[in-house]
Amino acid sequence: AVVSTQSTGNHKIRQLREQSSLQRQNKGGVEKEVNDIRAQYTTEKKKQQSIKRMLENVRNRVIELDNVEEAPLLDATALEDELQQYGDQIQKINEDIGTLKDKEEILRREHEDANKRHADSMERDSHITNRLEDLKIKMHEGQKKNQRLLEHLEKWKRKKKEVNSEKKKFSQELTAKKREITESQGMAEQRCPRVDTRKSAKDLEQQIRNMELRIQQGSSSSVNVDDITRRFHDAKSKYEEIQSMVKKMKKFSKDLERILEEREGRYFRFRKEISKRINYFFIMNLSQRGYTGKLKVDHEKKQLEMQLNVDTSGASQDTHDVRSLSGGERSFSTVCFICSLWNLMESPFRCLDEFDVFMDLMNRKIAMKLLVDHAVQNQQRRQYILFTPQDMSHFNKKFKNMKIMQLEAPERNDADD
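S.K.: Describe the overall build of the protein chain, listing the residues and the values that go with them.
M.R.: Looking only at helices and strands, the protein chain has six helices and five strands in total. Across the protein chain, the fraction of contacts at a sequence separation of at least 24, relative to all contacts at a separation of at least 6, is 65%. As presented, the protein chain carries roughly 34000 Å² of accessible surface, and 52% of it is formed by carbon and sulfur atoms.

What follows is the structure, encoded as structure tokens:
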């Protein structure tokens, strides 16, 4: 790359030098032509001055002849013709002088352009020369670097040759070792099948030494080899059986964990759905009295919060805690909550005792209707038992599956009164 750059720079320098030489030649030719035009201009100028002097002499002679009355008429006419000829010559010379001036101006401009091009060529020549010097320096550095690379290449070639020689030697040793290992494996497999292990060669050698030592000790004592072999196979069979049971138990444990996770997920979804449904039934039961409210169930804290708005006019939308309500309102909200729970329960017997305590007449009537309607709608496979000190005889005629049992009033002694 450096040599190519140098040749390119030399080629450009030769071209610029040739252009500079041609421009110098053109400049010399233009200067010579300008000098010739100047000489011609000087000659014509001298001719013009000579003709002007001759014309002046002729005019003087014409004036003299005009002053001489006796001069013949033919000589004046001849002088006027001669004067006209000189005038024509002067006009022609003036035209030639104008043409020469135009040529001189054109040649002067060409001379200036040639000088400018010559200066530009010299400047480019200097720039290329400087660049060529830089390229020569870089080429010299590149040659040094190339020489170092060649030395490194020779060094690595020698190393490669040495490595290839060692590789060939190791390959031969590896082939011999593989053949030896194959033979050893064949001999070992004739005695017993191959056993997969993660132990190192050192551990296996130590184990072999321990086994050989135990064999020597066993051979020196009166131990029966067949008995040991039988015990070994029994222990091995029991070990494999226990190992199989452990694998099955691990699989069973994983299946149980997976089932438990699935059941736990279903339990959380079911719990969330139960909370939504009990809140829905609670709101529907409250609406029969014109109340509004909601249930907040916090399963993490195991808390249930009941909020109600007993304003039936709709003027206020604020809810209140049940502790701020009257006794009848709390009793009615409790009945609504119990009915909401009953909608989500499957027990066959449902009992409620003195549910209408502290209720006013309106709340008691709506609560009784709510409980009775709920019992009638869900009477299949269920039995409802309600205890109340109030008169329930008016319900007996409405529902055929309802039975009202009224107890006699207790006897009171006068002393107690």
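S.K.: Just give me the short version of the pairing of strand S1 (residues 292-298), but keep the residues and values in it.
M.R.: Where S1 meets strand S2 (residues 303-309), seven bridges bridge the pair, whose relative direction is antiparallel. Bridge assignment links Thr292 to a residue of S2, and that residue is Asn309. Between S1 and S2, which pair antiparallel and follow one another directly, the connecting turn spans four residues, one of which, Lys302, has a positive phi of 55°.

S.K.: Could you give an account of the state of the cysteines, with specific residues and numbers?
M.R.: The final tally for this structure, using the stated rule, is zero disulfides. This cysteine, Cys336, is not joined by any disulfide, and Cys339 carries the nearest cysteine sulfur, 6.8 Å off. The buried category is assigned to Cys336, whose relative accessible area is 0%.

S.K.: Quick rundown of the nonpolar core? Include the residues and the values.
M.R.: Grouped together as the largest cluster of nonpolar side chains are 26 residues, with contacts concentrated most on Phe282, Leu286, Leu308, Phe332, Val335 and Leu371. Residue assignment for this core shows that the elements contributing at least two residues are helix H4 (225-287), S2, helix H5 (327-342) and helix H6 (361-377). Examining the composition of this core, we find that seven residues originate from one element, H5, more than from any other. The next biggest cluster of nonpolar side chains, apart from the first, holds seven residues, and it includes Val58, Tyr86, Ile90 and Ile97.

S.K.: Mind laying out the side chain of Arg350, listing which residues take part and the relevant values?
M.R.: As for its placement among the helices and strands, Arg350 is situated in strand S4 (residues 349-353). In this structure, Arg350 is buried with no salt-bridge partner, the nearest side chain bearing the opposite charge being Glu346 at 5.7 Å. Polar contacts involving the side chain of Arg350 include one to the side chain of Tyr384, which spans 3.1 Å. Those residues in contact with Arg350 that lie beyond four places of it in its chain are Trp342, Met345, His374, Arg382, Gln383, Tyr384 and Ile385.

S.K.: Summarise a nonpolar patch on the surface; cite the residues concerned and give the values.
M.R.: A grouping of Met249, Phe252, Leu256 and Ile259 is seen on the molecular surface, where their side chains present a nonpolar patch of about 390 Å² in accessible area. Tracing the backbone through its elements, the reader meets Met249 in helix H4. Of the residues examined, Met249 reaches a relative accessible area of 54% and is grouped as exposed.

S.K.: With reference to specific residues and values, describe the pattern of salt bridges.
M.R.: A side chain of one charge can pair with a side chain of the opposite charge when the charged atoms of the two come close. Taken as a whole and assessed by the stated rule, the structure comprises seven salt bridges. Notably, a salt bridge pairs Arg109 with Glu105, separated by 3.3 Å at the nearest N-O pair. Linking Arg109 with Glu105, this pair stays in helix H2 (residues 73-191), spanning four residues, or about one helical turn. Taking relative accessible area as the criterion, Glu105 reaches 29% and is therefore assigned partly exposed. For the salt bridge of Asp227 with Arg230, the shortest nitrogen-to-oxygen distance reads 2.5 Å. Of this pair, Asp227 and Arg230 are both found in helix H4, three residues apart, which corresponds to roughly one turn of the helix.

S.K.: Any chance you could break down the packing of H5 against H6 for me, citing the residues and the numbers?
M.R.: Between two packed helices, both the angle of their axes relative to each other and the distance between the axes serve to describe the pair. Close contact between H5 and H6 brings their axes to 10 Å; oriented N to C, the two are set at 10°. Relative to H6, the element H5 lies roughly parallel. Side by side, H5 and H6 meet where Gly328, Glu329, Phe332, Val335, Cys336, Cys339 and Trp342 of the first sit next to Asn363, Ile366, Ala367, Leu370, Leu371 and His374 of the second. Considered class by class, the residues forming the contact of H5 with H6 number nine nonpolar, three polar and one charged.

S.K.: Account for H5, naming residues and giving values.
M.R.: With 16 residues, H5 ought to run about 22 Å at 1.5 Å a step, and its terminal C-alpha atoms sit 22 Å apart, in line with that. In terms of residue burial, H5 counts as a mostly covered element, since 12 of its 16 residues are buried. Those residues of H5 not exposed but buried are Gly328, Glu329, Ser331, Phe332, Ser333, Val335, Cys336, Phe337, Ile338, Cys339, Ser340 and Trp342.

S.K.: So, the packing of aromatic side chains: which residues are in play, and what are the values?
M.R.: In total, this model carries three aromatic pairs according to the counting rule given. Both rings, one in Tyr267 and one in Phe268, keep their centres 5.5 Å apart while their planes meet at 55°; by these two values the pair is tilted.

S.K.: Help me get a handle on the environment of Ile97, residues and values and all.
M.R.: Of note, Ile97 is situated in helix H2. Residues Ile97 and Glu44, spaced 53 residues apart in sequence, show a C-alpha to C-alpha distance of 7.2 Å. The residues contacting Ile97, other than those within four sequence positions of it, are Tyr41, Glu44 and Gln48.

S.K.: Give a detailed account of the confidence of the model for the protein chain, specifying residues and quantitative values.
M.R.: Predicted confidence across the protein chain gives a mean pLDDT of 78, with 82% of residues reaching 70 or more. Mean pLDDT across the elements of the protein chain bottoms out in strand S3 (residues 320-321) (64) and peaks in H4 (90). This stretch, residues 69-74, has a pLDDT under 50; its non-local contacts, to residues over four places away or in other chains, come to one contact.

Criteria and thresholds
- Residues numbered from 1 in each chain as written.
- Predicted model: local features only at pLDDT ≥ 70, side-chain atom pairs only at ≥ 80, totals over all residues.
- Heavy atoms only, no water.
- Helix = DSSP H or I, 4+ residues; strand = E, 2+ residues; numbered from the N terminus.
- Contact = heavy atoms within 4.5 Å.
- Areas by Shrake-Rupley, 256 points an atom, 1.4 Å probe, with all protein chains shown as cover.
- Pairing = 2+ DSSP bridges.
- Disulfide = S-S within 2.5 Å.
- Buried < 20%, exposed > 50% of the residue type's maximum accessible area, 1.4 Å probe, protein only.
- Core = buried A, V, L, I, M, F, W, Y, C linked by side-chain atoms within 4.5 Å.
- Lys, Arg positive; Asp, Glu negative; His and termini not counted.
- Salt bridge = Lys/Arg side-chain N within 4 Å of Asp/Glu carboxyl O.
- Polar contact = N/O pair within 3.5 Å; in protein donor to acceptor, adjacent residues only side chain to side chain.
- Patch = residues over 30% accessible without salt bridge, like charges linked within 9 Å, V, L, I, M, F, W, Y side chains within 5 Å.
- Axes fitted to C-alpha atoms, helices over the stretch in contact; angles between N-to-C directions.
- Parallel < 35°, antiparallel > 145°, perpendicular 65-115°, else oblique.
- Nonpolar A, V, L, I, M, F, W, Y, C, P; charged D, E, K, R; others polar.
- Expected span 1.5 Å × (residues − 1).
- Phe/Tyr/Trp six-rings, centres within 6.5 Å; stacked < 30°, edge-to-face > 60°.
- pLDDT = per-residue confidence, 0-100.

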